[in-house]
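Coordinates in review
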Amino acid sequence: MKKETGILIAGSVGVILGLGLYGVRRFLLKKRKAYNDYYQDFHRHFERKQPEEANHDVEFLAML
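Residues numbered from 1 in each chain as written. Predicted model: local features only at pLDDT ≥ 70, side-chain atom pairs only at ≥ 80, totals over all residues. Heavy atoms only, no water.

1. A closer look at the overall build of the protein
The condition is simple: Helix and strand assignments come from DSSP, with helices taken as H or I runs of at least 4 residues and strands as E runs of at least 2, each series counted from the N terminus. Only protein chains enter the accessibility calculation, which uses a 1.4 Å probe; a residue whose area is less than 20% of its type maximum is buried, one above 50% is exposed, and one in between is partly exposed.
Summing up its helical and strand segments, the protein has two helices and zero strands in all. Among the 64 residues that make up the protein, the fraction classed as buried is 0%.

This is the structure we're talking about:
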């Protein structure tokens, strides 16, 4: 195999791997965004609660 052919094959494989990794990354980011958009109102807003907030019984009864 000539030197130029090896360089072309290595470059092609690199481009294909790069595009594949980019596609997987976009797919996973899209899934993560969909998850965050769906669940942000259910359980994720409790993580942002202020530390000085007290948990009162009325709040727990309202959640039931």
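2. Considering a nonpolar patch on the surface
How we decide: Each patch is built from residues that are more than 30% exposed by relative accessible area and take part in no salt bridge. Like charges join if they lie within 9 Å; nonpolar side chains (Val, Leu, Ile, Met, Phe, Trp, Tyr) join within 5 Å. Accessible areas in this description were obtained via Shrake-Rupley with a 1.4 Å probe; residue shielding takes into account the shown protein chains only. Any Lys or Arg side-chain nitrogen located within 4 Å of an Asp or Glu carboxyl oxygen qualifies as a salt bridge.
On the surface, Met1, Ile9, Val13 and Leu17 cluster together into a nonpolar patch covering about 460 Å² of accessible area. By secondary structure assignment, the location of leucine 17 is in helix 1 (residues 3–39). In this structure leucine 17 comes out as exposed when scored by relative accessible area, which is 55%.

Treat this as a map of the structure, not an account of what it does.
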